[in-house]
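Coordinate analysis (summary)
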There are 4 protein chains.
Amino acid sequence: MSGVWGNNLKISIFGESHGNAIGITISGLPSGVELNLEQIDKEMKRRAPGRNDLSTARKEGDIPEILSGFFNGKTTGTPLCAIVRNSDTRSKDYGEIKELMRPGHADYTGNIRYAGFNDYRGGGHFSGRITAPLVFCGAICKQILAKKGIEIGAHIKSIRNVKDKAFDYINVSKEQVISLRDLELPLIDRSKEELMRKTILEAKDQGDSVGGIIECAVVGIEAGIGDPFFDSMESTLSHLLFSVPAVKGVEFGMGFGITKLYGSESNDELYYEDDKVKTSTNNNGGILGGITNGMPIIFKAAIKPTASIAKKQKTVNIEKKKDENLVIEGRHDPCIVQRAIPVIEAVTAIGILDLMKGRDGWNL
Amino acid sequence: MSGVWGNNLKISIFGESHGNAIGITISGLPSGVELNLEQIDKEMKRRAPGRNDLSTARKEGDIPEILSGFFNGKTTGTPLCAIVRNSDTRSKDYGEIKELMRPGHADYTGNIRYAGFNDYRGGGHFSGRITAPLVFCGAICKQILAKKGIEIGAHIKSIRNVKDKAFDYINVSKEQVISLRDLELPLIDRSKEELMRKTILEAKDQGDSVGGIIECAVVGIEAGIGDPFFDSMESTLSHLLFSVPAVKGVEFGMGFGITKLYGSESNDELYYEDDKVKTSTNNNGGILGGITNGMPIIFKAAIKPTASIAKKQKTVNIEKKKDENLVIEGRHDPCIVQRAIPVIEAVTAIGILDLMKGRDGWNL
Amino acid sequence: MSGVWGNNLKISIFGESHGNAIGITISGLPSGVELNLEQIDKEMKRRAPGRNDLSTARKEGDIPEILSGFFNGKTTGTPLCAIVRNSDTRSKDYGEIKELMRPGHADYTGNIRYAGFNDYRGGGHFSGRITAPLVFCGAICKQILAKKGIEIGAHIKSIRNVKDKAFDYINVSKEQVISLRDLELPLIDRSKEELMRKTILEAKDQGDSVGGIIECAVVGIEAGIGDPFFDSMESTLSHLLFSVPAVKGVEFGMGFGITKLYGSESNDELYYEDDKVKTSTNNNGGILGGITNGMPIIFKAAIKPTASIAKKQKTVNIEKKKDENLVIEGRHDPCIVQRAIPVIEAVTAIGILDLMKGRDGWNL
Amino acid sequence: MSGVWGNNLKISIFGESHGNAIGITISGLPSGVELNLEQIDKEMKRRAPGRNDLSTARKEGDIPEILSGFFNGKTTGTPLCAIVRNSDTRSKDYGEIKELMRPGHADYTGNIRYAGFNDYRGGGHFSGRITAPLVFCGAICKQILAKKGIEIGAHIKSIRNVKDKAFDYINVSKEQVISLRDLELPLIDRSKEELMRKTILEAKDQGDSVGGIIECAVVGIEAGIGDPFFDSMESTLSHLLFSVPAVKGVEFGMGFGITKLYGSESNDELYYEDDKVKTSTNNNGGILGGITNGMPIIFKAAIKPTASIAKKQKTVNIEKKKDENLVIEGRHDPCIVQRAIPVIEAVTAIGILDLMKGRDGWNL
């Protein structure tokens, strides 16, 4: 069912792109956690549109109002709800959507799923905008995880055919993943920025869009987090990742590439270093049997090209039950990969905190 | 937490490779479903080892005994539990496991997770053998889905570098996916069988192992199944898929490949055919916004090379807290991709039935 | 964990008495349900304080703002969130609460549970005020159930020693339970109103409070709703009822009284009437084996006397770690039984809709 | 849905009275818990029939076989499944049940719920026999709670009109509740045993049955366990208690009796004793706002008279769709109150362990 997720944390998300407000309620947070609201705000801004020429011109404050569960600067331990009011929603831009199903969007599937009663304006509950509350929630989880020595960061592994370097699966550091958060286009090899920017803007000029791959690292996580069946670390993270609009693939460690190796190559050999167990390679991305082994968690998520494009497309008019051409008006992101990064980090933080909280002995 | 999954079905799995029995309890099945026990048996055999020279010589009957929820040949609607007794378990083969952590296995992570109290014999609860109850459950779900006109089938997309053809994302048929189930190595391009077999046996000869990619198709599913946040079709399936041992990547439709397209290429245009909405391409694998659009669901899963190999490997002895070499004795699969196929199909059936049962108006 | 409930509906509640707002998100509602907002408002008013001299003078608008999941007058099927802003909250009245634990309240247990970080003002998340969102949610569920021919109504079975008549367990009608909703003190035997009112006002004059018993009837529900283990109708309703502050007992049908009968007296004999199965008595309150039998569901809930009283009480000061006397200032309800009635009805509607939605074939 | 319960523990129950086996899988147990199998066996025997002339002559070994999750005498932390084979099931005694609905039983409601496909023999999944796996599970939970200093015990508060003394709500001790477990009829005032026994045997002689009230105490539990909405201690325990067949009422502390007091009488005043907060009365049964306050938890459960009686009863024949008389043959319990006691204790232990495990910092 739409809306609620979690075992040891429970999140309940709500909202439509052009409704009164979007938001999230987080149940199960520990009490007494001092929240850095500025840092939350900073995360919200990373996702917000209108920051530069690479994203839609639609401006949204995305300032969350905390309604509950927060008292004297700290979490109370009771459900924490925050909402973000919608504004600058030019509803007139979306008049045709009711009838003309945008290809690549959830217009048609949402219409069938909800028997035509869903709020279709701006994609409604399917809008990428609904990920803003996830970023809010993830920002809180990140702060809690940071107290445990865990940092999560991601970079653009590729935009279309332009590739960044990969993380060093063994030596990726907290400093590195943190520093990526300040970049407009988070890259390890900054020399690729120019080319990526050009790729995005060229697509924009053509009324088209591009996608890409996000690579994420979780550094500082201890061994023993996750479960075999059915709440493995991979299961938990992929469940959340595949709920993020536009994600079409998820792989851990070497992922699909591991299928080309021999077992003698793919197995990560173990050794002791300063009384700690390490692995000499990290092809499994820090997870074995669904459980962390203390190495960095590494995964990639495939983000498809933005579905909203300015080019003429063929589609169906479900009211008139006939084929028609569609030209989507309005402001659109030529690429959402960079805006998806804080969302990917956020759901990763949420998933990991949920699993950690489920361990006996867990405490802040 | 380990063990229980589902919203509208609930499955509870249990067992260790060398314990008394493994099994599963399925709650929420409709009542009055006539079960074809022969077909269940056939599915169990597809996964069972010892069938040919491509898998381990360990022979297991894998005959499930139904303990409850089944009366006069039909489901009662109350929880259905089935168990499979363990036999032919040469415990002596696994004596070293207690101390020497096998690379690529969950020995170390399981030891940390359960503070050393887990049953380490034969991988215990982490053994691939624990997927047998999933196949049992999936066989029941498949029979129910078949009554709804839905068929699920998979083939080996690749073993190491040997590739099969891909499904036709638009025209894959029920007959095709059903017919694949009878093949020892399910392939679309049967001419690749020889080469794949050779690749597996060469690895076996070298005391090594190989992995591969499984491509799965769900044919006949109606539009409107799945939810946006957080129980999207992709979230649901990936959650289950990543609980299957050895799965390291999951992608829907074009998956990671979609990131190399322009939006104008990746968007699946819609049109009417005989009053039904179809798409002219199926890059999104039959799912948009987490919800089926009536086209075939297509996804791929990466299966890593079998972790158990005969070659000498470096690892740690956690009792003596020092590095050692390990040579794993016993019988092992040089490749588990073909045995994983019925498991992949099974969890797919389970996930889809769960989502379908959650729809208002669902009925057998 | 605090906050989330439900299997086929999911509700997520939040808020503190003196925070920014309280509210609820309802996931899993069917789409296309036309909501009668006036009727929702009417239910909110039944619970709201300040209506007469029997309740606290604190005035609250209790006007819910729907933030999502509602479009063109109908539910969208995506999560519906509504909030109620807090106002008229004289925070100064509650200054002492931080240190002095009010007897009969959750001050001490909440303090321990949340390590002192909970919002203590006005009882915070433990305030009876948090039931307002439940009434909102129940009002929606009631409208859906009414379309199915089900009506829920309750009366005051007793206030202290003053007793109303009981429902006729067999013949209670929809008209009767509906008509009770309009009464300030919902009674079957209206001649008891005077005495009850007097009992309440006398307690008020003495700075004291009284409690009572609520008897609730669900009329028009079909047979077959509920499950044996663990979501029996009784389990589901009692779970929700015991989350309502001040409820200390729940009994179905004859409840504790049934223990004084012989089996030959307590067994409800069955017979056919117009091809429908009925029972000649209804000692089991319409439920057998956790499942409805088509007779009215009858249950009672014990509501303890309001914990806030004006009389001097002994308690502990947890800051100074010593015993002290406490006199609670501010405005209080001498009796909350009549205000609890719409809450009891609301959670009953929520519980029943959840169980009904879980049935195969359920549809609006 | 039938079968699965729990948040921090998950239990999955299965089985029918005359099927192959009944059982339970417990997920989420801590690893490394040494189980005292003799003590488990002792608990099973407390519930088992055939021990004396007060219960049915049906003899059942009720010897559980542990299939998984238990290794070298300790829990592994992975799902623990145990089954009990059915034997001595005289199926011929139950031939009529298929058509003639026994009054007071779930025959009719189960038939409707499962569309006639349920296993009707001996009550099938609705049989009191299905509580045996709960006792098994509760016995494990009790052992874990005992390590935390918590003991649970219950006595017969009444059989029909014969009453035992109540627990001392303040001073009930671990020794007292433990010692009750050894009694055939657990009573505080042993002088009532004769009269109770006589009441039961007289009902038996008349082919009739009696019910009664069980009072249960949880001693040694710390303050702070439970949640406000929706997993209050009362909600959690009542949910489980009302899933036990024959329970028709549950009340905490003074329960329904508290409605006759003034607030100044019902409020439990607090004071310090040796730096620990205590209450001078315990009318709220150790729970305020859904959370324990460190005083003993006290509750009562109403057990209706055994539905199976030898006397002739009127009922319906659902095959022939007409009214008929029914005389139930076979062996029956004239009173199940004493056999229900270990079940009540068991589900109490399960509920409390689930809530305790959900607390941050929980550890064995």
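Here's what I pulled together on the structure shown here. Counting of residues starts from 1 at the beginning of each chain's written sequence and follows it residue by residue. Whichever chain is written first is A, and whichever ligand is written first is 1; the rest continue in order. In view of the model being predicted, local features appear only for residues whose pLDDT reaches at least 70, and side-chain atom pairs are presented and counted only at 80 or more, with totals across whole chains, interfaces and linings using the full set of residues.

**Quick notes on the environment of Val316 of chain C**
Worth spelling out the cut-off: A run of H or I in DSSP becomes a helix once it reaches four residues, and a run of E becomes a strand once it reaches two; helices and strands are each numbered from the N terminus. In this description, a residue-residue contact is defined by the distance between C-beta atoms placed from the backbone, which must lie within 7 Å.
By the element assignment, Val316 of chain C lies in strand E17 (residues 313-317). Sequence separation between Val316 of chain C and Ile112 of chain C is 204 residues; the distance between their C-alpha atoms is 14 Å. Not counting chain neighbours up to four residues away, the residues in contact with Val316 of chain C comprise Met101 and Asp323 of chain C together with Leu270, Tyr271, Tyr272 and Val277 of chain D.

**Here's the deal with the interface of chain B and chain D**
Rules: Any residue outside Ala, Val, Leu, Ile, Met, Phe, Trp, Tyr, Cys, Pro, Asp, Glu, Lys and Arg is labelled polar, Gly included; the first ten of those are nonpolar and the last four are charged.
The interface of chain B with chain D comprises 38 residues on the first partner and 39 residues on the second. Within the residue set of the side of chain B that touches chain D, elements represented by two or more residues are strand E2 (10-14), strand E3 (21-27), strand E6 (74-75) and strand E7 (80-85) of chain B. Among the elements that take part in the side of chain B that touches chain D, E3 of chain B stands out by supplying 5 residues, more than any other. Split by residue class, the side of chain B that touches chain D holds 14 nonpolar, 20 polar and 4 charged.

**Looking at the pairing of strand E2 (residues 10-14) of chain D**
All names here are of chain D. In plain terms, the rule: The exposure label follows from counting other C-beta atoms within 10 Å of a residue's C-beta, where the C-beta atoms are placed from the backbone and the thresholds are 20 or more for buried and 12 or fewer for exposed, leaving partly exposed in between. Any two strands with at least two DSSP-identified bridges between them are counted as paired.
Within E2, 5 of the 5 residues are buried, which leaves it mostly tucked inside the rest of the structure. Here E2 shows a buried face lined by Lys10, Ser12 and Phe14 and a second buried face lined by Ile11 and Ile13. Pairing between strand E1 (residues 4-5) and E2: 2 bridges, direction antiparallel. Counted as the bridge partner of Val4 is Ser12 from E2. Linkage of E1 to E2, two consecutive antiparallel strands, is achieved through a turn of 4 residues, within which Gly6 is found at a positive phi near 120 degrees.

**A word on the interface of chain A and chain B**
At the junction of the two partners, chain A supplies 92 residues and chain B supplies 91 residues. Here the side of chain A that touches chain B is composed, by residue class, of 39 nonpolar, 35 polar and 18 charged. The sheet contact formed by strand E11 (residues 247-252) of chain A and strand E11 (residues 247-252) of chain B spans 3 bridges and is antiparallel. Among the inter-strand pairings, Gly249 of chain A is bridged to a residue of E11 of chain B, identified as Glu251 of chain B.

**A few points about the pairing of strand E16 (residues 297-303) of chain A**
All names here are of chain A. When you tally the buried positions in E16, you get 7 out of 7 residues, the bulk of the element. Alternating residues of E16 divide into Ile297, Phe299, Ala301 and Ile303 and Ile298, Lys300 and Ala302, and every residue in both groups is buried. The pairing of strand E10 (residues 212-219) with E16 spans 7 bridges and is classified as antiparallel. Bridge pairing in E16 links Ala217 to Ile298. Pairing of E11 with E16 involves 5 bridges; the strand directions are antiparallel. Considered in E16, the bridge of Phe252 is made with Phe299.

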